[in-house]
Amino acid sequence: MQIIIDCDPSPDDAVAFLVALGSPGELEVLAITTVAGNVPLPLTSKNARKALELAKKTGTPAYAGAEAPLVRKLVTAEHVHGRTGFDGYDLPEPCIPLADGFAPDVIVDLVMSRDPGEVALCCLAPLTNIALALEKEPKLAAHLKQIVLMGGAFSEGGNITPAAEFNIFVDPEAADKVMRCGAPITMIPLDCTHQALTKQSRLDKLRAIGTPVSEAFYHLLKFNKIFDEQKYGWEGGPLHDATVIAYLLAPHLFSGRKVNVEVECESPLTLGMTVVDWWAVTQKTPNVQFLRSIDADGYFDLVIERLARL
Ligand SMILES: [Ca+2]
């Protein structure tokens, strides 16, 4: 399957695209596209290239996209990932440049230059780039194989406000546009990712791979884990974004159902909340395959197995 990975690295984004790059038999990564989110755009774009260079995957182009949400001021998450977005391990400044092109334009070009149903979008960040691409090319949604995104929540509540998950909260207007676009959408919310924790035993298995990639991500994820353990009182932090790639590789690790999902774009109290009609109490057409549980051990085994190939 051909995929484009839209992200705002933070370590879990990078783990996601490295798992994809470690799976060449199943996934062909056409491009990494970056957006402002966890940290501002120059840093997400730099972190993406740091991770590509670390894994010696510099043949995969990285394109920068939107530096701010569609209509709102950017909200970032340095409180989780540190000032750089990659705190916890010093990786060298990247040598490879960004590829030439604006990410939303590149997404349109890559998808529309192929047959319908060939390319899937993997969305690991605020959905600004995707909304801009959908705006630019009205036929894009019908041309996509699918959109798989990490974002939102149902019964788990929010992680940036009591009601909202970060990726959706940062650009709710973009998320709303995506939810309504008509492409097949699979959504992996906090309800799933909060079951997938970087327990020390799992991080130890990662480190035991014994490569530069595993050593770096052991420390980067350990840095994130400290914040999450204090916040939630759990053993480990959620490894959110790699679930998107894991779903493409091993959908049997997940379960959920097709439901209607809408995004709150107005209320100051619940801005960015994903309103999930789990019990079909409305007659609204289901627009999202909403995943609610994950086999966490199977997920981490898969992630570690694929990272070991790099
Ligand atoms: Ca992300």
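Structural data are supplied above this passage.
Note that residues are indexed from 1 along each chain, following the sequence as it is written. Two thresholds apply to this predicted model, a pLDDT of at least 70 for residue-level local features and 80 or more for giving and counting side-chain atom pairs, whereas whole-chain, interface and lining totals are computed over all residues. For the side-chain quantities, the full set of heavy atoms in the structure was used; hydrogens and water were omitted.

Which residues make up the sheet that holds strand β1 (residues 2–7), and what values go with them?
Only strands joined by at least two bridges in the DSSP assignment are considered to pair. Helix and strand assignments come from DSSP, with helices taken as H or I runs of at least 4 residues and strands as E runs of at least 2, each series counted from the N terminus. Taken in spatial order, the eight strands make up an open sheet running β3-β2-β1-β4-β5-β6-β10-β7, and their pairing is mixed. The open sheet has two edge strands with one neighbour each: β3 (62–64) and β7 (254–259). If you compare each strand with its neighbour and ignore which way they point, the axes differ by 20° on average. Note that β1 and strand β2 (residues 28–34) share six bridges and pair parallel. The partner of Ile5 across the bridge, within β2, is Ile32. Whether two residues touch is decided by their heavy atoms; if any such pair falls within 4.5 Å, the residues are in contact. Here an axis means a line fitted to C-alpha atoms, over the contact stretch when the element is a helix, while the angle between two N-to-C directions is reported on a 0 to 180 degree scale. Strands in contact with helix α4 (residues 103–112) are β1, β2, β3 and β4 (119–123); relative to β2, the strand with the most contacts, it is inclined by about 160°.

Can you tell me about the nonpolar core, naming the residues and giving the values?
Think of a nonpolar core as a cluster: buried Ala, Val, Leu, Ile, Met, Phe, Trp, Tyr and Cys residues, connected wherever their side-chain atoms sit within 4.5 Å. Burial classes: relative accessible area under 20% of the type maximum marks a residue as buried, over 50% as exposed, and values in between as partly exposed (1.4 Å probe, protein chains only). Ranked by size, the top nonpolar core spans 60 residues in total, and within it Ile3, Ile5, Phe17, Phe217 and Ile245 carry the most contacts. The dominant element in this core, judged by the number of residues it contributes, is helix α1 (residues 11–21), at eight residues. With near-sequence residues (within four places) excluded, Phe217 lies in contact with Pro11, Ala14, Val15, Leu18, Ala51, Leu54, Phe86 and Leu206. Within the second largest apolar cluster, 39 residues are counted, among which are Ile4, Ile107, Ile168 and Val259.

Lay out the coordination of the calcium ion with the relevant residues and their values.
Note on donors: an N, O or S atom is included if it sits within 2.8 Å of the metal, or within 3.2 Å for Na, K and Ca, and water is never included, so sites can look incomplete. Around the calcium ion, the protein contributes the donor atoms Asp8 (OD), Asp13 (OD), Asp13 (OD), Leu124 (O) and Asp241 (OD), at 2.2 to 2.6 Å from the metal centre. Look at where the donors of the calcium ion fall in the sequence and you get D-x4-D-x110-L-x116-D. With Leu124 in the loop between β4 and α5 (128–136) and Asp241 in the loop between α11 (212–232) and α12 (242–249), the pair connects residues that are 117 residues apart, well separated along the chain. We note that Leu124, like Asp241, is buried.

Give a detailed account of unusual backbone geometry, specifying residues and quantitative values.
As a rule of thumb, non-glycine residues mostly have phi less than zero, and peptide bonds are mostly trans rather than cis. For Lys56, which is not glycine, the phi torsion reads 55° and is therefore positive. Relative to the helices and strands, Lys56 is located in the loop between α2 (41–54) and β3. Taking the relative accessible area as the measure of exposure, Lys56 reaches 71% and is therefore exposed. One non-glycine residue, Ala280, lies in the positive phi region at around 50°. Here Ala280 shows up in the loop between β9 (274–276) and β10 (288–294). We classify Ala280 as exposed; its relative accessible area is 54%.

Quick one: what's the story with α1, residue by residue and with numbers?
Within α1, 11 of the 11 residues are buried, leaving the element largely enclosed by the surrounding structure. Among the residues of α1, Pro11, Asp12, Asp13, Ala14, Val15, Ala16, Phe17, Leu18, Val19, Ala20 and Leu21 are the ones counted as buried.

Can you lay out the pattern of salt bridges for me, pointing to particular residues and giving the numbers?
Opposite charge on two side chains allows them to pair when their charged atoms are near. The term salt bridge refers to a side-chain nitrogen of Lys or Arg lying within 4 Å of a carboxyl oxygen of Asp or Glu. What the rule picks out here adds up to 14 salt bridges. The residue Glu26 makes a salt bridge to Arg306 at a minimum N-O spacing of 3.0 Å. Taken as a pair, Glu26 in the loop between α1 and β2 and Arg306 in helix α13 (residues 296–307) lie far apart in primary sequence, 280 residues in all. Across the salt bridge formed by Lys205 and Asp301, the nearest N and O atoms sit 3.9 Å from each other.

Explain the environment of Leu121 to me, and be specific about the residues and the numbers.
Residue placement: Leu121 occurs in strand β4. A relative accessible area of 2% means that Leu121 is categorised as buried. Residues Leu121 and Ala280, 159 residues apart in the sequence, show an inter-C-alpha distance of 27 Å. With residues near it in sequence (within four places) discarded, Leu121 still touches Ile4, Ile107, Ile130, Leu144, Gln146, Ile147 and Val148.

Run through the pairing of strand β5 (residues 146–150), naming residues and quoting values.
If a strand is regular, its side chains alternate between the two faces of the sheet. Taken across its five residues, β5 has five buried, putting it largely inside the fold. Burial along β5 is two-sided: Gln146, Val148 and Met150 facing one way and Ile147 and Leu149 facing the other are all buried. Pairing geometry for β4 and β5, over four bridges, is parallel. Paired with Cys122 across the two strands is Val148, which belongs to β5. Relative to strand β6 (residues 185–188), β5 runs parallel, the two being bridged by four bridges. Counted as the bridge partner of Leu149 is Met187 from β6.

Tell me about α11, and name the residues and values.
One less than the residue count of a helix, multiplied by 1.5 Å, gives the span that helix is expected to have. Taking 1.5 Å per residue as the helical rise, α11 with its 21 residues ought to reach 30 Å, and the 30 Å between its terminal C-alpha atoms agrees with that figure. Turning to α11, its buried residues number three or more, namely Val213, Ser214, Ala216, Phe217, Tyr218, Leu220, Leu221, Asn224, Lys225 and Asp228. Considering only its buried residues, α11 is in contact with α1, α2, α3 (78–81) and α10 (200–207). Two residues or fewer past α11, Gly233 is found with a positive phi of approximately 75°.

Read these as layout, nothing more, since geometry by itself doesn't imply function.
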